[in-house]
Amino acid sequence: MTDTSGKSADVRAHAAAPTTADTQATTTPSRRRFIATAAVAGAAAVASPAVHAQAPIKLKFQSTWPNKDIFHEFAGDFVKRVNGMTGGRVELDLLPAGAVVPAFQMLDAVSAGILDGGHGVAAYWYGKNKAFSLFGTAPAFGWDADELLGWIRYGGGQELYDDLVQNTLKLNVVGMLTGPMPSQPLGWFKQEISSIDQMKGMKYRTVGLGADLFKELGAAVTIVPGGEIVPAIDRGLLEGAEFNNPSSDLVLGFPDVAKVYMIQSYHQALECFEVLFNKTKFDAMPKDVQEILRAAADATSSTMMWKAQDRYSKDLAAIRARGVKVMPTPKPVLEAQLKAWDVVIANLSADPVFKKVVDSQKAWAKRIVGFRLEYEPDSRTAYDHFFPTA
């Protein structure tokens, strides 16, 4: 087929199509404009976070521990984990006990917003409601602190804690239980305790439900923060005292004022730490930041337990090296403590809030400890086999 000019359609189509040179000539400026525009947009995208980035959430966070205590170090581990996990979005500023308020006023200061958060133990708030101490120094049902935290996570403990704190006590705080502690010693004394009768009338320091226990046993209990114990012993204001563990006891100076260290006791057979945040401040944080704070509490719970294994064992040896007589609490004293627990639990269970919590704990301990005792072999038999002279 030809057109009126006598050229074939194929020839005309070929003539109408642009050549490669024509295409380059017409598209290159457009491509250049696109690349330039994309480059500007990319630069803006890179620069925009710096321009629009939000300021970090800065929180004033005080512990209830002296600066030199390993417990303050544990609080610092939590702070480091939060600051690292949030990539700078949150900045916790750690302060020691007394920097803003005294140790025993930390809870109220967090609730009021004077502090944004803090690190302590539930036993310190025993004066507000004795059920509070169940979340830190629960009765000796044969369980350990890791099993206590299991109850918190999977046995309904967190819900009971939240109900106590926010509904019963009307406190403006969010609390996270963390950091399992081993059994605490009977304490430091001028002479060996071989009978519970020796503690009748003794000026003795403990905290939480341990105070009720030793009052039942006839001791004259005084409740003071950790940093005040050794000076009180030195001045004769206390005749016996416990704090928590070999590392804390060593650095706080107990070997300087007493030479008998009675380990193993049922008055505080288990305990855990408590991380608090002002609820108004916490609720205003992004949801992912809230989850990071909770995850950091769990993460440092593990690292604290592993660090304690290392440090406590070394520091107990260091205490012995200071000429301190380290000895277990005799069985008759332990049995007297268990009988006293029966009385304390019965008396305090008149409060329905206390009874609700302790009944939940007993049900968990009966099942979990029962499983462990049935399922796990005796560690003493294996230890004595491999370390017969230890």
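Below is a short write-up of the structure. Since this is a predicted model, take the numbers as computed values, not measurements. (Residues numbered from 1 in each chain as written. Predicted model: local features only at pLDDT ≥ 70, side-chain atom pairs only at ≥ 80, totals over all residues. Heavy atoms only, no water.)

The next thing to look at is the overall build of the chain. Scanning the chain from terminus to terminus reveals 14 helices and eleven strands. The buried share of the chain, taken over its 390 residues, is 46%. Taking as baseline every contact in the chain between residues at least 6 positions apart, the subset at least 24 positions apart corresponds to 78%. When the accessible surface of the chain is summed, it comes to about 19,300 Å², and 57% of that surface belongs to carbon and sulfur atoms. (Helix = DSSP H or I, 4+ residues; strand = E, 2+ residues; numbered from the N terminus. Buried < 20%, exposed > 50% of the residue type's maximum accessible area, 1.4 Å probe, protein only. Contact = heavy atoms within 4.5 Å. Areas by Shrake-Rupley, 256 points an atom, 1.4 Å probe, with all protein chains shown as cover.)

Moving on: the packing of aromatic side chains. In total, this model carries 25 aromatic pairs according to the counting rule given. Between the aromatic rings of phenylalanine 189 and tyrosine 204, the centroid separation amounts to 6.2 Å while the plane-to-plane angle is 5°, which identifies the pairing as stacked. Remark: tyrosine 204 occurs in strand S6 (residues 203-205) and phenylalanine 189 occurs in strand S5 (residues 187-189); sequence separation between them is 15 residues. With a relative accessible area of 0%, tyrosine 204 lands in the buried category. Each ring, one from tyrosine 383 and one from phenylalanine 387, has its centre 4.9 Å from the other, and the planes form 45°; the classification is tilted. Residue class for tyrosine 383 comes out partly exposed when judged on its relative accessible area of 40%. Judged by relative accessible area, phenylalanine 387 falls into the partly exposed class, the value being 46%. Through a chain of ring-to-ring contacts, three or more aromatic side chains come together here, namely Trp65, Phe71, Phe74, Phe104, Tyr124, Trp125, Phe243 and Phe273. (Phe/Tyr/Trp six-rings, centres within 6.5 Å; stacked < 30°, edge-to-face > 60°.)

With that settled, the discussion passes to helix H11 (residues 287-321). Taking 1.5 Å of rise per residue, 35 residues should cover 51 Å, and H11 covers 50 Å from first to last C-alpha, within 8% of that figure. One or two positions beyond H11, positive phi appears at glycine 323, with a value near 85°. (Expected span 1.5 Å × (residues − 1).)

The next thing to look at is the pattern of salt bridges. Across all of its chains, the model carries 16 salt bridges by this definition. The shortest N-O distance in the salt bridge between aspartate 298 and arginine 153 comes to 2.4 Å. Within this pair, whereas aspartate 298 is found in helix H11, its partner arginine 153 is found in helix H5 (residues 145-154), the two being separated by 145 residues in sequence. A salt bridge links lysine 314 to aspartate 310, with the nearest nitrogen and oxygen atoms 3.1 Å apart. Of the two residues, lysine 314 and aspartate 310 both sit in helix H11, four residues apart, roughly one turn of that helix. Lysine 314 gets classed as exposed once you look at its relative accessible area, which sits at 53%. On the accessibility criterion, aspartate 310 (37% relative accessible area) is partly exposed. (Salt bridge = Lys/Arg side-chain N within 4 Å of Asp/Glu carboxyl O.)

Turning our eyes to something else, we now look at the sheet that holds strand S1 (residues 57-63). Spatial ordering of the open sheet is given by S2-S1-S3-S10-S4, a layout of five strands whose pairing is mixed. Every interior strand has two partners, whereas the edge strands, strand S2 (90-95) and strand S4 (173-181), have only one. Looking at each pair of strands side by side, their axes are set apart by 20° on average, direction ignored. Examined bridge by bridge, S1 and strand S3 (residues 117-120) share three bridges and lie parallel to one another. Note that in S3 the partner of glutamine 62 across the bridge is glycine 118. Contacts from H5 reach S4 and strand S10 (271-278), with the element oriented near 150° to S4. (Pairing = 2+ DSSP bridges. Axes fitted to C-alpha atoms, helices over the stretch in contact; angles between N-to-C directions.)

Further remarks concern the side chain of glutamate 274. If you trace the backbone, glutamate 274 turns up in strand S10. Arginine 153 provides the closest opposite charge to the buried, unpaired glutamate 274, separated from it by 11 Å. A polar contact of 2.5 Å, which involves the side chain of glutamate 274, links it to the side chain of tyrosine 161. For glutamate 274, the residues in contact, after removing those within four places along its chain, are Gly118, His119, Gly120, Val121, Ala122, Trp125, Phe132, Tyr161, Met176 and Leu177. (Lys, Arg positive; Asp, Glu negative; His and termini not counted. Polar contact = N/O pair within 3.5 Å; in protein donor to acceptor, adjacent residues only side chain to side chain.)

Right, let's get into the side chain of threonine 300. Looking at the secondary structure, you find threonine 300 in helix H11. Ignoring sequence-local partners within four residues, the contact set of threonine 300 consists of Asp77, Phe78, Arg81 and Thr178.

With that settled, consider the packing of helix H3 (residues 70-85) against H11. Running from N to C, H3 and H11 point in directions that differ by 140°, and their axes come no closer than 9 Å. Relative to H11, the element H3 is oriented oblique. Here H3 and H11 pass one another in a crossing that is right-handed. Mapping the contact onto sequence places Ile70, Phe71, Glu73, Phe74, Asp77, Phe78, Arg81, Val82 and Met85 in H3 and Ile292, Leu293, Ala295, Ala296, Ala297, Ala299, Thr300, Thr303, Met304, Lys307, Arg311 and Tyr312 in H11. Residues belonging to the contact of H3 with H11 are distributed by class as follows: 14 nonpolar, two polar and five charged. (Parallel < 35°, antiparallel > 145°, perpendicular 65-115°, else oblique. Left-handed = near helix turned anticlockwise from the far one by under 90°. Nonpolar A, V, L, I, M, F, W, Y, C, P; charged D, E, K, R; others polar.)

Turning to the sheet that holds strand S7 (residues 220-222), a few remarks are in order. Within a sheet, neighbouring strands are paired by backbone hydrogen bonds and run either parallel or antiparallel to one another. One open sheet holds the six strands; their spatial order is S7-S6-S8-S5-S9-S11, and the pairing between them is mixed. The two strands at the open ends of the sheet, each matched to only one other strand, are S7 and strand S11 (325-328). Of the strand pairs in this sheet, S6 and strand S8 (residues 240-241) are connected by two bridges, and their pairing is parallel. Residue pairing for S8: tyrosine 204 is matched across the bridge by glycine 240.

Burial runs high along S4: nine of the nine residues are buried. Both S4 and S10 contribute to a ladder of eight bridges, which runs antiparallel. Considered in S10, the bridge of methionine 181 is made with glutamate 271.

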